[in-house]
Amino acid sequence: MVITDLKTTCSRCKGSGYNPGFSVMGVNQINYHGQCPGCSGRGFTLTELGQDVVNLLKPYIRELLEEERKTADARRRITIAAAAREEAGEESQEQDGD
Ligand SMILES: [Zn+2]
């Protein structure tokens, strides 16, 4: 399997992901956010096989994100606790100095 089995270059933006404007019923419109509407700014679209792979991996990606979120939360709690301890330690040192 090669990458071109999973995705194809977007034909609307030729792979740039950018589209400065488009024509609606013959009237040119400015595309304010600049993203190609054909590929949401990615520059490629998924093939049927590519979409199948994404659907296959979605549950695992969701698990990984949830795991990462929990790890980040735990890390944040540790940092807050350490900062609180440090602050309390500094206060007690100040009190010791008096
Ligand atoms: Zn595109």
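Treat the numbers as computed from the prediction; the structure is a model and nothing was measured.

**Points about the overall build of the chain**
Part 1 of the reasoning: A tally of regular secondary structure across the chain gives two helices and four strands.
Part 2 of the reasoning: Taking 13 Å as the expected radius of gyration for a compact globule of 98 residues, we find that the chain reaches 25 Å, considerably beyond that expectation.
Part 3 of the reasoning: Overall, the C-alpha framework of the chain stretches about 80 × 40 × 20 Å when taken along its three principal axes.
Part 4 of the reasoning: Of the contacts formed within the chain by residues at least 6 apart in sequence, a portion of 57% connects residues at least 24 apart.

**Some words on the environment of Y32**
Part 1 of the reasoning: Among the secondary structure elements, Y32 is positioned in the loop between strand 3 (27-30) and strand 4 (44-46).
Part 2 of the reasoning: When the C-alpha atoms of Y32 and P20 are compared, they prove to be 7.4 Å apart, with 12 residues separating the residues in sequence.

**Structural notes on the pairing of strand 3**
Part 1 of the reasoning: Relative to strand 3, strand 2 (residues 21-24) runs antiparallel, the two sharing four bridges. Within strand 3, the residue paired with F22 across the bridge is Q29.
Part 2 of the reasoning: From the end of strand 2 to the start of strand 3, which pair antiparallel, there are two residues, and M25 there has a positive phi angle of about 50°.

**A look at the domain arrangement of the chain**
Part 1 of the reasoning: Domains assigned within the chain are domain 1 (1-46) and domain 2 (56-88).
Part 2 of the reasoning: In this structure, domain 1 and domain 2 have C-alpha centres spaced 36 Å apart.

**Some details on the environment of S16**
Part 1 of the reasoning: Here S16 is to be found in the loop between strand 1 (7-9) and strand 2.
Part 2 of the reasoning: Residues S16 and P37 lie 21 residues apart in sequence; the distance between their C-alpha atoms is 12 Å.

**Comments concerning unusual backbone geometry**
Part 1 of the reasoning: Even without a glycine there, the phi angle at K14 is positive, about 55°.
Part 2 of the reasoning: Mapped onto the secondary structure, K14 falls in the loop between strand 1 and strand 2.
Part 3 of the reasoning: Residue class for K14 comes out exposed when judged on the 11 C-beta atoms lying within 10 Å of it.
Part 4 of the reasoning: Phi at S40 is positive, roughly 55°, even though this residue is not glycine.
Part 5 of the reasoning: Secondary-structure assignment places S40 in the loop between strand 3 and strand 4.

Conventions adopted
Residues numbered from 1 in each chain as written. Predicted model: local features only at pLDDT ≥ 70, side-chain atom pairs only at ≥ 80, totals over all residues. Helix = DSSP H or I, 4+ residues; strand = E, 2+ residues; numbered from the N terminus. Rg over C-alpha atoms; globule rule 2.2 N^0.38 Å. Contact = placed C-beta atoms within 7 Å. Pairing = 2+ DSSP bridges. Domains from an automatic or database assignment. Buried ≥ 20, exposed ≤ 12 C-beta atoms within 10 Å, placed from the backbone.

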